Amino acid sequence: MVLRDLPDPRPKPGEIAIDVVCAGVNPVDWKVRDGALKKYFTLPFPIVLGYDVAGRVAELGEGVTAFEIGDPVFACCIASDVARGTFATKVAIEAIHAAQMPQTLTFAQAAGIPLAALTAWQALHDTAGLRKNQTVLIHAAAGGVGSLAVPMAKAAGARVFGTASAANTDYVRGLGADAVIDYRSEDVAAAVGRLAPEGVDVVLDGAGGGLLAQSFGLVKRGGMLTSIVAEPDATLGARHGINVAWVSVAPNGAELKAIAGLIDQGALRVPATEELPLDRAAAALERSKAKHVRGKLVLRVSAG
């Protein structure tokens with residue numbers, strides 16, 4: 001990874017250009033860097049990484065009326081031109097993928113929201129159809145998605161359990177979890193059995209591996225097991241009488257607007273946010289890959 005000059009992107013019809021203030025760091029960034037996703041798309045070099053942005057509208061493409069120059073916005077920028085990401089001073093995206101930034105957040109806080117919050121929203125609401133008084137188990141509850149999924153599920157009126165390491169149990173409890181299970185020292189299945197003897201209604205898996213494998217037996221019949229890291233075995237799901245789904249995030253400005261509303265109402269707590277300067281992007285990705293991030297890590301691009 002190097003810093004270099006490239007031409008500023010210009011908005012096409014239906015797009016906006018954004019002067020980037022902060023860019024969120026997510027695991028997908030180092031996966032793209034490492035070539036782990038090359039079977040899914042071909043990228044022309046040089047690649048500009050980054051999918052999350054918070055900044056100000058710099059230019060309007062033809063036909064865009066929902067925003068004005070200078071508006072503070074945030075967005076998940078997964079698009080067809082994935083080679084021009086948000087680890088940059090400017091990015092151009094489809095206007096329908098952006099939303100007005102929450103009024104109660106800083107640019108740094110807002111930059112850590114879109115991809116993780118949309119992933120949580122689409123797993124809990126669009127896929128699992130979460131309802132009030134249901135029970136939810138969230139694996140990797142201290143991570144980027146988990147840190148937003150916990151308060152999001154609480155805002156929906158659910159009873160929420162999370163798995164986390166001992167060092168993060170207080171943090172996850174502070175996000176609103178009703179119970180936190182130390183997956184390293186506790187028997188997760190036994191703990192869930194005590195908390196919800198009939199099983200949970202929904203599992204949101206952000207860990208994969210052994211926790212995903214155990215989760216099939218933790219969901220009550222007719223419930224939903226969603227994973228954001230691996231595709232659950234549909235045959236095994238049918239054997240347990242549960243629904244399974246692998247959730248891959250999609251940009252959605254309307255859902256971001258709803259999420260912003262929850263944040264400004266105080267119904268959705270924002271996770272801890274740490275900033276690094278843009279020229280430390282490589283170090284930020286190494287920390288993300290090593291799973292040494294609690295909450296969200298963002299890159300500061302400009303003063304805003």
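What comes next concerns the included structure. Every value quoted in this text rests on a predicted model; they were computed, and no experiment measured them.

A complete count under the given rule lists 10 salt bridges for this structure. Between D34 and K289 there is a salt bridge; the shortest N-O distance is 2.7 Å. In this pair, D34 sits in the loop between α1 (27-33) and β2 (52-60) while K289 sits in helix α10 (residues 281-289), placing the two residues 255 residues apart along the sequence. On the basis of relative accessible area, D34 is assigned to the partly exposed category, the value being 36%. Across the pair R287 and E274 runs a salt bridge, and its minimum N-O distance is 2.9 Å.

Our focus in this paragraph is the environment of M152. Relative to the helices and strands, M152 resides in helix α4 (residues 146-155). Between the C-alpha atom of M152 and that of S302, which follows or precedes it by 150 residues, the distance is 30 Å.

On to the environment of G129. Tracing the backbone shows G129 in the loop between α3 (114-127) and β6 (135-138). For the pair G129 and M224, spaced 95 residues apart in sequence, the C-alpha separation works out to 9.0 Å. If near-sequence neighbours (up to four positions away) are discounted, G129 is found in contact with L124 and Q134.

Along the chain, F45 connects to P46 via a cis peptide bond; the corresponding omega equals 0°. Relative to the helices and strands, P46 is located in the loop between α1 and β2. Despite not being glycine, N133 has its phi angle at roughly 75°, a positive value. Relative to the helices and strands, N133 is located in the loop between α3 and β6.

Right, let's get into the side chain of D71. Take D71: it is sitting in the loop between β2 and β3 (72-76). Although D71 is buried, it makes no salt bridge; R56 carries the closest opposite charge, 7.1 Å away. The residues touching D71, leaving out its near neighbours within four places in the chain, are G55, R56, V57 and Q100.

The next subject is the sheet that holds strand β11 (residues 243-246). Strand order in the open sheet formed by six strands is β8-β7-β6-β9-β10-β11, with parallel pairing between adjacent strands. In the strand order of this sheet, the two ends are held by β8 (179-182) and β11, each with one partner. Strand-to-strand, the axes of this sheet are offset by a mean angle of 15°, without reference to chain direction. Bridge analysis of strand β10 (residues 219-227) against β11 gives four bridges, and the strand direction is parallel. Residue S227 lies in a different strand from β11, and its bridge partner there is W246. Along the sheet face, α4 touches β6, β7 (159-164) and β9 (200-205) and points at about 175° away from the line of β6.

Our focus in this paragraph is the packing of α3 against helix α9 (residues 253-264). At a minimum axis separation of 10 Å, α3 and α9 run at an interaxial angle of 100°. In terms of axis orientation, α3 runs roughly perpendicular to α9. Contact residues: P114, A117, L118, W121, Q122 and D126 in α3; E255, L256, A258, I259 and L262 in α9. A class-by-class count of the residues in the contact of α3 with α9 yields eight nonpolar, one polar and two charged.

For the rest of this paragraph, the subject is the state of the cysteines. Under the counting rule described, the total for this entry stands at zero disulfides. Between C76, a free cysteine, and C77, which holds the nearest cysteine sulfur, the sulfur-to-sulfur gap is 6.7 Å. By relative accessible area, which is 9% here, C77 ends up buried.

All right, on to the nonpolar core then. The biggest cluster of nonpolar side chains holds 85 residues, and the ones touching the most others in it are I16, F74, F87, L124, V172 and I259. In terms of residues, this core owes the most to one element, α3, which gives eight residues. For L124, the contacting residues outside a window of four places in its chain are G129, L130, V136, A149, M152, A153, V202 and L204. Of all hydrophobic cores here, the second largest spans 17 residues; its members include L137, A179, I181 and V188.

A rise of 1.5 Å per residue sets the reference length of α9, with its 12 residues, at 16 Å; its end C-alpha atoms lie 16 Å apart and thus fit the reference within 8%. Along α9, the positions that sit buried rather than exposed are G253, E255, L256, I259, A260, L262 and I263. Looking straight down α9, one finds its buried side chains confined to an arc of 165°; they lie on one side. Of the exposed residues in α9, those oriented more than 90 degrees away from the buried face are A254 and K257.

Time to look at α10. Those residues of α10 that sit buried are A281, A284, L285 and S288. Projected down its long axis, α10 carries its buried residues within an arc of 100°, all on one side. Packed against the buried residues of α10 are β1 (15-25), α1, β12 (273-277) and β13 (296-300). K291 sits one or two residues past α10 and shows a positive phi near 60°.

Cut-offs and rules
Residues numbered from 1 in each chain as written. Predicted model: local features only at pLDDT ≥ 70, side-chain atom pairs only at ≥ 80, totals over all residues. Heavy atoms only, no water. Salt bridge = Lys/Arg side-chain N within 4 Å of Asp/Glu carboxyl O. Helix = DSSP H or I, 4+ residues; strand = E, 2+ residues; numbered from the N terminus. Buried < 20%, exposed > 50% of the residue type's maximum accessible area, 1.4 Å probe, protein only. Contact = heavy atoms within 4.5 Å. Lys, Arg positive; Asp, Glu negative; His and termini not counted. Pairing = 2+ DSSP bridges. Axes fitted to C-alpha atoms, helices over the stretch in contact; angles between N-to-C directions. Parallel < 35°, antiparallel > 145°, perpendicular 65-115°, else oblique. Nonpolar A, V, L, I, M, F, W, Y, C, P; charged D, E, K, R; others polar. Disulfide = S-S within 2.5 Å. Core = buried A, V, L, I, M, F, W, Y, C linked by side-chain atoms within 4.5 Å. Expected span 1.5 Å × (residues − 1). Arc of directions from axis to C-beta.

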